[in-house]
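The residues making up each chain are set out below.
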Amino acid sequence: IRPEQLKRVPVPASIPVSEIAGDVLEGLSRTPKSLPPKLLYDAEGSALFEQITCLPEYYPTRTEAAILMTHADEICSRLGKNVSVGELGAGTATKTRILLRSLLRRQFSVNYFPLDVSDAALKLAKDEVEKELQAVNVHPQIGDFEDLAFLELQARPRLVLYIGSSIGNLEHVDAITLLQNVAQHLSSGDQLLLGVDLVKDSGVMQAAYNDSAGITASFNKNLLIRINRELGGHFEPEAFYHVSFWNEAASRIELHLESARSQSVRVDALDTTIRFGQGERIHTENSYKYTLERLGDLLQHGGFQLEHTWTDPHCWFAVSLGVI
Ligand code: AVJ
């Protein structure tokens, strides 16, 4: 998939505008200011994220893909017979195709339910999966992680994919709550495949979120451009710096947008003006990094029994299978 393909898909806002308005108003009224990371993934943001996944500094995607390629058959051999597959935050489902391919060697067809906030990404996911794998029926679900009822529509046994370390966006309590919510829609014997990024040398992690081509900076600033477009905002993206760093105590990479000067920004649809001091930041994303021990605890507290964990030779990334 070429990233530029995504940009050309014309799509309506995938989340109702009113919902964005509420999130933006609430986040920018807080001290310190913050915005929910899911707002980063409009069509343009998803396209930029696809570009990030190809960057030399951004190790998570290629490391997880290598784990999946190396172990796809073993992973699939541990799954129930004739599983249906749901996926949280499927994006363009590039890595998922590795698993679906291997799954089709064990079962005749697969019903695949990708959930994502990006309409554009889902369209591409459906096209690419059905083009390559005719025996996969794709049932796209537009929504965020509050919209999990579709899991109950899936035939049993179910496999839920939550790969790509998207769970790293969540605070620990929220991550546990999310897994518990997933578990609530599942039945005994259903399984979860979870991909998380692991704690490693801080230089390696920091480079991944501050790439030399500046794509991550564009991805971060796209949030302001989105607010301008969808809410009549008057942000000048050049008046904000992309800031990212490793927060050791919290075990996470943080992304912020830092105001280069003191400024006031009007947002028409919110009928408000936001004040920024020089150096004031908007916290836009966290990317939590796990240890294998904390990964095990997460699954257990989320209601899943750990079956197996696969990692890469450097132990940079982990993919775990859990069962209810
Ligand atoms: C999509 C949440 C997995 O945390 O690595 C990448 C998002 N942000 N570069 C990550 C992201 C900036 C990404 N996740």
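Quick caveat, the model's predicted, so the values are computed rather than measured. (Residues numbered from 1 in each chain as written. Predicted model: local features only at pLDDT ≥ 70, side-chain atom pairs only at ≥ 80, totals over all residues.)

S.K.: I tried to follow the overall build of the protein chain on my own but got confused; where do I start?
M.R.: Helices and strands together make up the secondary structure of the protein chain, namely 11 helices and 14 strands. Taking 20 Å as the expected radius of gyration for a compact globule of 324 residues, we find that the protein chain reaches 20 Å, a close match to that expectation. With the C-alpha coordinates of the protein chain rotated into their principal frame, the extents come out at 60 × 40 × 35 Å. Across the 324 residues that make up the protein chain, the buried fraction comes to 43%. Residue pairs in contact within the protein chain that sit at least 24 positions apart in sequence constitute 76% of those at least 6 positions apart. (Helix = DSSP H or I, 4+ residues; strand = E, 2+ residues; numbered from the N terminus. Rg over C-alpha atoms; globule rule 2.2 N^0.38 Å. Buried ≥ 20, exposed ≤ 12 C-beta atoms within 10 Å, placed from the backbone. Contact = placed C-beta atoms within 7 Å.)

S.K.: Looking at this model, I keep getting lost on helix 4 (residues 59-77). Mind explaining?
M.R.: Helical periodicity: at 3.6 residues per turn, an α-helix aligns residues three or four positions apart in one direction. Between its first and last C-alpha atoms helix 4 spans 27 Å; for 19 residues at 1.5 Å apiece the expected length is 27 Å, and the two agree. Along helix 4, the largest kink reaches about 70 degrees and is centred on His 71. When helix 4 is considered as a whole, its buried residues turn out to be Pro 60, Thr 61, Thr 63, Glu 64, Ile 67, Leu 68, His 71 and Ile 75. Residues of helix 4 that are buried sit in contact with helix 3 (43-53), helix 5 (96-103), strand 7 (191-197), helix 9 (202-208), strand 13 (305-311) and strand 14 (317-323). (Expected span 1.5 Å × (residues − 1). Bend = angle between axes of the 7 residues up to and from the residue.)

S.K.: So what exactly am I meant to see when it comes to the site of the ligand here?
M.R.: Around the ligand, a shell composed of Ile 52, Pro 60, Gly 164, Ser 165, Ser 166, Gly 168, Asn 169, Tyr 209, Thr 216, Phe 219, Glu 285 and Ser 287 is seen. For the shell around the ligand, the class distribution of residues is four nonpolar, seven polar and one charged. (Near = placed C-beta within 6 Å. Nonpolar A, V, L, I, M, F, W, Y, C, P; charged D, E, K, R; others polar.)

S.K.: Got a minute to help me understand the nonpolar core in this structure?
M.R.: Nonpolar side chains tend toward joint burial in soluble globular proteins. Ranked by internal contacts, the top residues of the largest apolar core, which has 81 residues, are Tyr 112, Ala 125, Val 160, Tyr 162 and Leu 193. Ranked by residue count, the leading element in this core is helix 6 (residues 119-132), at six residues. If we skip the residues at most four places from it in the chain, Tyr 112 touches Val 85, Leu 100, Val 129, Val 136, Asn 137, Val 138 and His 139. Counting residues in hydrophobic clusters, the runner-up holds five residues, among them Met 205, Ala 208, Tyr 209 and Ile 253. (Core = buried A, V, L, I, M, F, W, Y, C linked by C-beta atoms within 7 Å.)

S.K.: Explanation requested: the pairing of strand 12 (residues 281-288) in the structure shown.
M.R.: The side chains of a regular strand alternate, first on one face of the sheet and then on the other. Relative to strand 12, strand 1 (residues 33-34) runs parallel, the two sharing two bridges. Considered in strand 12, the bridge of Lys 33 is made with Ile 282. For strand 9 (residues 252-259) and strand 12, the ladder comprises seven bridges, and the chain directions are antiparallel. Within strand 12, the position partnered with Leu 255 by the bridge is Glu 285. (Pairing = 2+ DSSP bridges.)

S.K.: Help me understand the packing of helix 8 (residues 172-184) against helix 11 (residues 292-302) in this model?
M.R.: Any two packed helices are characterised by the angle at which their axes cross and by the distance between the axes. It is at 8 Å that the axes of helix 8 and helix 11 come closest, and there the two elements cross at 45 degrees. Judged by the angle between their axes, helix 8 and helix 11 are oblique. Judged by the twist between their axes, the crossing of helix 8 over helix 11 is right-handed. Touching Ala 175, Ile 176, Leu 179, Gln 180 and Ala 183 of helix 8 are Leu 298, His 301 and Gly 302, all from helix 11. Looking at the contact of helix 8 with helix 11 residue by residue, the classes come out as five nonpolar, three polar and no charged. (Axes fitted to C-alpha atoms, helices over the stretch in contact; angles between N-to-C directions. Parallel < 35°, antiparallel > 145°, perpendicular 65-115°, else oblique. Left-handed = near helix turned anticlockwise from the far one by under 90°.)

S.K.: Is there a simple way to explain the sheet that holds strand 1 in this structure?
M.R.: In a beta sheet, neighbouring strands are held together by backbone hydrogen bonds and run either parallel or antiparallel to one another. Read across the open sheet, the four strands follow the order 1-12-9-8; overall the sheet is mixed. The two strands at the open ends of the sheet, each matched to only one other strand, are strand 1 and strand 8 (240-247). Lying on the sheet, helix 10 (residues 215-231) is in contact with strand 8, strand 9 and strand 12; it crosses strand 8 at an angle near 120 degrees.

S.K.: What am I meant to see in helix 10 here?
M.R.: The terminal C-alpha atoms of helix 10, which comprises 17 residues, lie 24 Å apart, in line with the 24 Å expected from a rise of 1.5 Å per residue. Downstream of helix 10 by one or two residues, Gly 232 has phi in the positive range, about 60 degrees.

S.K.: Whenever I open this one, the pairing of strand 2 (residues 84-88) confuses me. Can you help?
M.R.: Within strand 2, five of the five residues are buried, which leaves it mostly tucked inside the rest of the structure. Of the two faces of strand 2, the one lined by Ser 84, Gly 86 and Leu 88 and the one lined by Val 85 and Glu 87 are each fully buried. Summarising the sheet, strand 2 and strand 6 (residues 158-162) pair through four bridges and their orientation is parallel. Bridge pairing in strand 6 links Ser 84 to Arg 158. As judged from the four bridges shared by strand 2 and strand 3 (residues 110-116), these two strands associate in the parallel manner.

S.K.: How do you make sense of the confidence of the model for the protein chain when you look at a structure like this?
M.R.: Interpretation of the predicted coordinates at a detailed level should be avoided for regions scoring low in pLDDT. With 94% of its residues at a pLDDT of 70 or more, the protein chain shows a mean pLDDT of 93. The low-confidence segment residues 6-13, where pLDDT is below 50, has 18 contacts with residues more than four positions distant or belonging to other chains. (pLDDT = per-residue confidence, 0-100.)

S.K.: Teacher, can you tell me more about unusual backbone geometry here?
M.R.: With the exception of glycine, most residues fall at negative phi, and the peptide bonds are largely trans. Of note, the bond from Thr 31 into Pro 32 is cis; its omega dihedral lies within 30 degrees of zero at -10 degrees. With respect to the helices and strands, Pro 32 occurs in the loop between helix 2 (17-29) and strand 1. Here the bond from Arg 156 into Pro 157 is cis, since omega is -5 degrees, no more than 30 degrees from zero. Phi at Asn 82 takes a positive value of approximately 60 degrees, unusual for a residue other than glycine.

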